[in-house]
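# Close look at the chain arrangement
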Amino acid sequence: MITFKDVSLVYPNGTQGLKNINVEINEGEFVVIVGLSGAGKSTFIRSINRMVTPTNGELLVNNEDIIPKKGKDLRNLRTSIGMIFQNYNLVNRSSVIKNTISGRLGHTGTLRSIFNLYPKEDKKLAYDNPETCSYGRKSL
Ligand SMILES: Nc1ncnc2c1ncn2[C@@H]1O[C@H](COP(=O)(O)OP(=O)(O)OP(=O)(O)O)[C@@H](O)[C@H]1O
Ligand SMILES: [Mg+2]
């Protein structure tokens, strides 16, 4: 489902964020990335929804290399991947469930999201996903 093939990323200032990463993650797998500060965990995860762009290699998501994506294709990729951030992007005043559901914002109309009117199916999706609980610093 997600395959890193010899992926490297050098930041514009010359810092090596990733070096020749080869990883395969299959559908349904629950993966934990562990490493020292600065090891490249965030860079690795941010590469998957192209918040950062690898400078070498192939990164396949559902058999498609996402590194060359731009414009509408890139937006579609980001909309299809939910990401919950370590802290600075978490909405502190919001519940775990709302922070989780925000991954579906790309599928929700602007007015609905402003007023927290998430579709029933999205709420169910969030509640039904066991990961929802492990991210939380607040209870449901
Ligand atoms: N925007 C950036 N520009 C330049 N260098 C960066 C940038 N972001 C990260 N780095 C560098 O890339 C390397 C990997 O950083 P990354 O943030 O991916 O590590 P991490 O494993 O997530 O660390 P932490 O456990 O502290 O969150 C580090 O050397 C870091 O200083
Ligand atoms: Mg990090």
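Where an unreviewed UniProt entry is consulted, the protein chain appears under the name ABC transporter domain-containing protein, with the organism given as Salinibacillus aidingensis.

### Examining the pattern of salt bridges
Taken as a whole and judged by the stated rule, the model has 1 salt bridge. In this structure, the salt-bridge partner of Lys69 is Glu64, at a minimum N-O distance of 3.0 Å. On the basis of relative accessibility, which here comes to 13%, the residue Lys69 falls in the buried class.

### Quick notes on the pairing of strand β1 (residues 2–10)
Every other side chain in a regular strand lies on the same face of the sheet, so the side chains alternate between the two faces. As defined by bridge partners, β1 adjoins strand β2 (residues 16–25) across 6 bridges and the pair is classed as antiparallel. Of the residues in β2, the one forming a bridge with Phe4 is Val23. Between β1 and β2, which pair antiparallel and follow one another directly, the connecting turn spans 5 residues, one of which, Gly14, has a positive phi of 95 degrees. The pairing of β1 with strand β3 (residues 56–61) spans 5 bridges and is antiparallel.

### Some points on the packing of aromatic side chains
Evaluation of the coordinates by the stated rule reveals 1 aromatic pair. Here Phe4 and Phe44 contribute two aromatic rings whose centre-to-centre distance is 4.2 Å and whose plane-to-plane angle is 10 degrees, an arrangement assigned as stacked. Separated by 40 residues along the polypeptide, Phe4 in strand β1 and Phe44 in helix α1 (residues 41–48) bring together distant segments of the chain.

### Description of the side chain of Arg50
Inspection of the secondary structure puts Arg50 in the loop between α1 and β3. The charged side chain of Arg50 is buried without a salt bridge, its nearest counter-charge being Asp65 at 7.7 Å. A polar contact of 3.0 Å, which involves the side chain of Arg50, links it to the side chain of Thr53. Excluding its chain neighbours within four sequence positions, the residues that come into contact with Arg50 are Ile66, Ile67, Pro68, Lys69, Leu74, Leu77 and Arg78.

Reading guide: rules and limits
- Residues numbered from 1 in each chain as written.
- Chains lettered and ligands numbered in written order.
- Predicted model: local features only at pLDDT ≥ 70, side-chain atom pairs only at ≥ 80, totals over all residues.
- Heavy atoms only, no water.
- Salt bridge = Lys/Arg side-chain N within 4 Å of Asp/Glu carboxyl O.
- Buried < 20%, exposed > 50% of the residue type's maximum accessible area, 1.4 Å probe, protein only.
- Pairing = 2+ DSSP bridges.
- Helix = DSSP H or I, 4+ residues; strand = E, 2+ residues; numbered from the N terminus.
- Phe/Tyr/Trp six-rings, centres within 6.5 Å; stacked < 30°, edge-to-face > 60°.
- Lys, Arg positive; Asp, Glu negative; His and termini not counted.
- Polar contact = N/O pair within 3.5 Å; in protein donor to acceptor, adjacent residues only side chain to side chain.
- Contact = heavy atoms within 4.5 Å.

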